[in-house]
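# A structural walkthrough
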Amino acid sequence: MVLRRWSQDARLSLARLPSLAGLGRVPPAPVHAIRDLWPGDPASGARLVKGSLTHAGVTRRIGPGRWEDPSYPERFRAYLHGFTWLRDLRAVGTDSARLQARALVNDWLSHPPTDPMVRDCAVTGARLASWLGHYDFFAASADDAFRQRLMMRLLTEGRTLAALVPPESHDWRALTAFKGLLAAAVAMPDHSGFLTRFMRYIDGELACQILQDGCHIQRSPEIQFLALRELAEMRAMLQAAQIALPDSLALALDRMSPVLRALRHGDGGLALFNGSHAGSVAMIEMVLSQATRARVVATAMPDGGFIRLQVGRSLLLVDAAAPPPPGFDAEAHAGTLSFEFSVARQRLIVNCGAGELPEWRRALRESAAHSLLVLEDSSSSDFAPQGGIQRRPAHVTVEQFAQDGAHWLDLAHDGYHAPFGASWRRRLYLGDGGENLRGEEVVEGERLQSFVLRFHLHPSVEAELDADAQVVVLDVGGWTWRFRADGGTVAVEESVYFSGTAPERTRQIVVRVRPGAKAEDGPVEGAQVGPETEPAAGTTEDSPEAESAAGPEASASPEQMVAEAPTPSTPEAPAAPAEAGGRTRQVVRWALMRTDG
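Okay, so let's go over this structure. Please read these numbers as outputs of a predicted model, since none were measured by experiment.

### Things to note about the overall build of the chain
- Looking only at helices and strands, the chain features 17 helices and 20 strands.
- Each of the 597 residues in the chain was classed as buried or not, and the buried ones make up 55%.
- Counting contacts in the chain only where the partners sit at least 6 residues apart, residues at least 24 apart contribute 70% of the total.
- Accessible surface computed for the chain: about 24700 Å², of which carbon and sulfur atoms make up 52%.

### Digging into the sheet that holds strand E16 (residues 471-476)
- In space, the eight strands of this open sheet follow the order E10-E11-E12-E13-E20-E17-E16-E15, with antiparallel pairing throughout. Edge positions in the open sheet fall to strand E10 (396-403) and strand E15 (462-465), since each of these has one partner strand only. When strand polarity is set aside, the average angle formed by the axes of neighbouring strands in this sheet is 15°.
- Where strand E11 (residues 406-413) meets strand E12 (residues 423-431), seven bridges bridge the pair, whose relative direction is antiparallel. In the strand pairing of E12, aspartate 410 is matched with arginine 427.

### Some points on unusual backbone geometry
- Residue proline 166 is reached from valine 165 by a cis peptide bond, and omega for that bond is 5°.
- Within the fold, proline 166 resides in the loop between helix H8 (144-164) and helix H9 (173-187).
- We note that asparagine 274 has phi near 50°; this positive angle belongs to a residue other than glycine.
- For asparagine 274, the position within the fold is in the loop between helix H12 (247-262) and helix H13 (281-291).
- Classification of asparagine 274 as buried rests on a relative accessible area of 3%.
- Located in the positive-phi region is aspartate 432, a residue other than glycine, with phi close to 55°.
- With respect to the helices and strands, aspartate 432 occurs in the loop between E12 and strand E13 (436-445).

### Overview of the packing of aromatic side chains
- Applying the stated rule across the entire model yields 18 aromatic pairs.
- Between phenylalanine 83 and tryptophan 131, the ring centres sit 5.4 Å apart and the planes meet at 65°, which makes this aromatic pair edge-to-face. With phenylalanine 83 in the loop between helix H3 (74-82) and helix H4 (86-92) and tryptophan 131 in helix H6 (residues 121-133), this pair connects stretches of sequence that are 48 residues apart.
- Take phenylalanine 83: its relative accessible area is 0%, and that puts it in the buried class.
- Of the residues examined, tryptophan 131 reaches a relative accessible area of 0% and is grouped as buried.
- The ring of phenylalanine 306 is capped by arginine 219, whose NZ or CZ atom sits 4.6 Å from the centre of that ring.

### Re the environment of leucine 37
- With respect to the secondary-structure elements, leucine 37 resides in the loop between helix H1 (2-15) and helix H2 (42-49).
- Using a relative accessible area of 23% as the deciding quantity, one classes leucine 37 as partly exposed.
- Separated by 249 residues in the primary sequence, leucine 37 and methionine 286 have C-alpha atoms spaced 9.0 Å apart.
- When near neighbours in sequence (up to four residues on either side) are disregarded, leucine 37 contacts Ala232, Glu233, Ala236, Met286 and Gln290.

### Some details on helix H11 (residues 221-240)
- Between the first and last C-alpha of H11 there are 29 Å, a value that for 20 residues agrees with the 28 Å anticipated at 1.5 Å per step.
- Counting buried positions along H11 gives 15 out of 20 residues, so the element sits mostly inside the fold.

### Quick look at H2
- By the burial criterion, the buried members of H2 are Ser44, Gly45 and Leu48. Down the axis of H2, the buried side of the element spans an arc of 100°, and every buried residue falls inside it.
- Residues of H2 that are buried make contact with strand E1 (52-55), H4 and helix H5 (95-110).
- N-cap assignment for H2: the residue whose side-chain oxygen lies 3.1 Å from the backbone N of alanine 43 is aspartate 41.
- Glycine 51 lies just past H2 and shows a positive phi near 90°.

Cut-offs applied
- Numbering of residues starts from 1 in every chain and runs along the sequence as written.
- Since the coordinates come from a predicted model, pLDDT governs what is reported: local features require at least 70, and pairs of side-chain atoms require 80 or more to be given and counted, while whole-chain, interface and lining totals use all residues.
- Water and hydrogen atoms were dropped before computing side-chain values, which therefore reflect all heavy atoms in the structure.
- Numbered from the N terminus, helices here are DSSP runs of H or I no shorter than four residues, and strands are runs of E no shorter than two.
- We call a residue buried when its accessible area falls under 20% of the maximum for its residue type, exposed when it is over 50%, and partly exposed in between, using a 1.4 Å probe and counting protein chains only.
- Residue contacts are counted whenever heavy atoms from the two residues lie within 4.5 Å of one another.
- Computed by Shrake-Rupley with a 1.4 Å probe, the accessible areas treat only the displayed protein chains as cover when residues are assessed.
- In this analysis, strands are considered paired if DSSP registers two or more bridges between them.
- For every element, the axis is a line fit to its C-alpha atoms; helices are fit only across the contacting stretch, and the angle between N-to-C directions ranges from 0 to 180 degrees.
- Any pair of Phe, Tyr and Trp rings, taking the six-membered ring for Trp, is counted once the centres come within 6.5 Å. Such a pair is stacked with planes under 30 degrees apart, edge-to-face with planes over 60 apart, and tilted for the rest.
- Two limits define a charge over a ring: the Lys NZ or Arg CZ must be within 6 Å of the ring centre, and within 35 degrees of the ring normal.
- Helix span, as expected, comes to 1.5 Å for every residue beyond the first.
- In this description, the arc belongs to the directions extending from the helix axis to the C-beta atoms.
- Contacts described as polar in this section are N or O atom pairs within 3.5 Å, which, within protein, must combine one atom able to donate a hydrogen with one able to accept it, while residues neighboring in sequence count only if both atoms come from side chains.

Structure, rendered in structure tokens:
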């Protein structure tokens, strides 16, 4: 590692020496035209013309001499130096926008930043690809001196990328570095080292990031979209230069596109798992059209750990795997076994999404911001100070059955074993043409636990608790759905929803379980001890308390869980033997059904 870092430092120092930019022939203009494929935002471009840039909820004044302003947040500074906002100025399409773009690039060329961002190959790659992708917009009509200085700098940036590739970090942003290196290779083909280095390392990078089923290793629908967008740009560049597509790149495009389609709701937006936003439907469609002609939807994602069940007009998406591995978990959420549910184009149950500002970003990573079970007000994963995950579920199990158009899921994880000695098992059923979603939540542990089930609702869904505080009536796009739960106290509370960069107020259904709660506090609460386990502490097998706690359904199978639902032919797996000293078993069953006929 030390030798690799020393070698990279040496190559980087040589690459950025001004004298080296003159070695070899620098073309007066890009040999092959590179076109930025994506539309810009005219409103953002109009603000840029006036010297104001907005990104990730942060707005700052920009201009000459302000490239290293210490007040800029890190993400904002990276976006500023990546120059992808040039497409917003291009979208304005006026001479003033063109001159502003040229002035900002010229000032950067005159005063290149010296801060540590010079080592960020993703920022360098984005900048190089953006300058070349918008060359016709801001540079083609400029004077010879500007264009010569720009081309000299492009060569330096290309040499910088060649020195930094392969990147030390292999998250999706590494693909942006490869895209920039390829842009340099296409624009300046006489410098063959750029293409050679791209071809040498791209196979390994894609093998590291793209799983066999086409899911990106970071397990985020939004990152799936972003990574596919980078690969689609690479293909366009290679086609423009009439360079054969590497097999690994072609295969990645073919595998990733069906997964991206599978992780969309009926409204066309993305599911909100692991830091995702819903995104622009138009942009998602555009990326998919550039990536592949086939309109295939993935039916199974075993490596990525997502489950997609569509019955009738209803869609159930489940995060059925642990967070991504170390090195890929900087933005991962503690959302294991969370789910989202939509009907046609209407989202019903959602996760809260992802915030852009640090305080929101941290809060929305917690389990409580997802539609799942939260034990003792704690998350199933703990976050490290540097942003990754330091404790996560070690084992996540998934079983899936289907029969006569209905689906059963049997899911479990041990994320609460280390702090509380407990495990959580979630069983889900979707049937009756998609109008009947039921679940059973089972917490087994060394003692009775307090926990909360959370079902976050989309802002467009209206929710009202009935007079008996037993049923939540939902207005879902003019359809009436009813939610009911047994085993806990049902309530409707405030929540928040981030489909984009700004929060929206919404509601959530919560089911609370508190050990020792009295019957008048709500529906039955407390432990349920199955016949295969020992009774909980404080009860005996013959006591009335134990009989009441256990009940006739204490060891319910997936079939019993869904009451009148048709039963699958696949039998339930045998229960694990009880541990010495006995274990408690707490059960909540719930149902969400359409009732307006």
